[in-house]
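The chain contents come next:
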Amino acid sequence: MYLPEEFDNKMKRLLGGEYEAYMDCYKEPRYYGLRVNTRKISAEEFVKVCPFELRPVPWVENGFYYDGDKVSPAKHPYYAAGLYYLQEPSAMTPADRLPIEPGDKVLDLCAAPGGKATELGARLNGRGLLAANDISSSRAKGLLKNIELFGIGNALVLSEEPGKLTEYFPEYFDKILIDAPCSGEGMFRKEKKMIKAWEEHGPEFFSKLQRNIVLQAARMLRPGGYLLYSTCTFDGLENEGTIGWLLEQYPEFTIEEIRPYEGFSCGRPEVVPDRELPELKKTVRIFPHRMQGEGHYLALLKKGAGRREESFPARKKAGKLPEELSEFLAQIDWSVTGEDFDAGRIRLQGGRVYYMPEGLPSLAGIRFLRTGLLLGELKKKRFEPGQALAMFLRAEAYPKVIILGPEEERTLRYLKGETLDVEDLVPEKAKGWHLVCVDKYPLGWGKVSGGVLKNKYLPGWRLQS
């Protein structure tokens, strides 16, 4: 396989006697992985119902390998139900090693397409806030879909320059994850096109971006909070060099131990010239010849303790909700969702109905795609529940449910947006909004009348024939 000479020489210096073993890994096939959405199903339960063969990723409890040459998990209805996310195994590590607690305010600063943000949101378990940002508005749209697919309601999806976010969120977040844009050296085996991109924009180009991003993140992290920095490159300038730069600018940060795994390699302090930082050994390098995954780098840092005044905007008193909205929401058993429902957090904006996270600052002047959970829309004295609400709910939370089997033809037809005959699945004279599920996992809404389901699956999500 062709590798640029400059990169090849760098890896020889970095790996020494392990260089040949590293080169041998290019002859091996890539690894395919999926990560279970523990917000909806436990890893143990998923293994029991999964229709294809899995093998555990040993360093991530809810991560699994599958044979990508034999199966296509993205085509299965369980994927449409948000039960898992397809993710390269090493890339599962950063979100897994950031110590999230339910109730935290968490920022994923470079979040699209959502592989790490969805895991962070699942681990919040409906409490606190997940802010997920990507500077590209087109990529942020894909990020929003994945967050909604995972049933994460306590989310703020942004598309903004990190520098502008510091004005709105000074020392606001408890935990921040930065999966930084990088030269992608760790992905050369998986994505051959990354080599050409590396030749166009190498480590020096990305290092400048990374240094700006980590400083901006440092300003948004509360004292005592944790920041996890990761890349998918081997370059010392982008990895240990960026962390050394952060410590130089913010000496109150300390490097913390990362939960170990036998295949991890320690960081390399020697790649940072003119500074002695032995604590960089606490950072982690992932090499593909030592683990069944691609190349990665992780550093976990804690911001020195200090005093921060909590400041939350005063909650507006809830006005009287439209009757049609109140009637629909009264049908939902919110306790099943894990949500302590508070009508005071409902906001009506242009006919759309949102359930807002607590404690948000003013967002006036900032670019965002979504605040909170989109419950649905008010239209001419009627309320239409939205796709995001369907994915947030559990089958037990709503009284009118249609259960389809994963191998059933009607399931595929529903996902294509077709009208269904459901006379055998609903009581006689059933009518109104029904939650359509594969097994007990919601897919979307439909409206029943006369034994026929009018399909309300979100048009932009429908399968193409």
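You'll find the structure just up there.
All of these numbers come straight from a predicted model, not from anything done at the bench.

> Can you walk me through the overall build of the protein in this structure?
For the protein, the helix and strand inventory stands at 15 helices and 23 strands. Taking 2.2 N^0.38 as the reference for a compact globule, 465 residues should give roughly 23 Å; the C-alpha atoms of the protein span a radius of gyration of 24 Å, in line with that estimate. Taking the principal axes of its C-alpha atoms as reference, the protein extends roughly 75 × 55 × 35 Å. Contacts in the protein between residues far apart in sequence, at least 24 positions, make up 72% of those at least 6 positions apart. As displayed, the protein offers around 20800 Å² of accessible surface, 49% of which is attributable to carbon and sulfur atoms. Side chains of the protein carry 67 positive and 67 negative charges; the gap between the two charge centres is 6 Å.

> I tried to follow the packing of aromatic side chains on my own but got confused; where do I start?
Aromatic ring pairs are reported here in terms of the distance separating the ring centres and the angle at which the planes meet. Evaluated as defined, the whole model comprises 31 aromatic pairs. Ring geometry for Trp59 versus Tyr261: centroids 5.3 Å apart, planes at 40 degrees, classification tilted. Highlighted residues: Trp59 in the loop between strand 2 (55–56) and strand 3 (63–66) and Tyr261 in the loop between strand 10 (253–256) and strand 11 (265–266), separated in sequence by 202 residues. With 5.2 Å between their ring centres and 40 degrees between their planes, Phe169 and Phe173 make a pair best called tilted. Assigned by exposure class, Phe169 and Phe173 land together as buried. Chaining the aromatic ring pairs together yields one cluster made of Tyr32, Phe46, Phe52, Tyr66, Tyr79 and Tyr84. In this arrangement the basic side chain of Arg30 is found over the ring face of Tyr32, its NZ or CZ atom lying 4.2 Å from the centre. A cation sits over an aromatic face here: Lys105 above Tyr172, 5.3 Å from the ring centre.

> Looking at this model, I keep getting lost on the side chain of Ser265. Mind explaining?
Structurally, Ser265 is set in strand 11. Under the relative-accessibility criterion, Ser265 is labelled buried at 6%. At 2.7 Å, the side chain of Ser265 forms a polar contact with the side chain of Arg290. When near neighbours in sequence (up to four residues on either side) are disregarded, Ser265 contacts Thr283, Val284, Arg285, Phe287 and Arg290.

Conventions we followed
Residues numbered from 1 in each chain as written. Predicted model: local features only at pLDDT ≥ 70, side-chain atom pairs only at ≥ 80, totals over all residues. Heavy atoms only, no water. Helix = DSSP H or I, 4+ residues; strand = E, 2+ residues; numbered from the N terminus. Rg over C-alpha atoms; globule rule 2.2 N^0.38 Å. Contact = heavy atoms within 4.5 Å. Areas by Shrake-Rupley, 256 points an atom, 1.4 Å probe, with all protein chains shown as cover. Lys, Arg positive; Asp, Glu negative; His and termini not counted. Charge placed at Lys NZ, Arg CZ, Asp CG, Glu CD. Phe/Tyr/Trp six-rings, centres within 6.5 Å; stacked < 30°, edge-to-face > 60°. Buried < 20%, exposed > 50% of the residue type's maximum accessible area, 1.4 Å probe, protein only. Lys NZ or Arg CZ within 6 Å of the ring centre and 35° of its normal. Polar contact = N/O pair within 3.5 Å; in protein donor to acceptor, adjacent residues only side chain to side chain.

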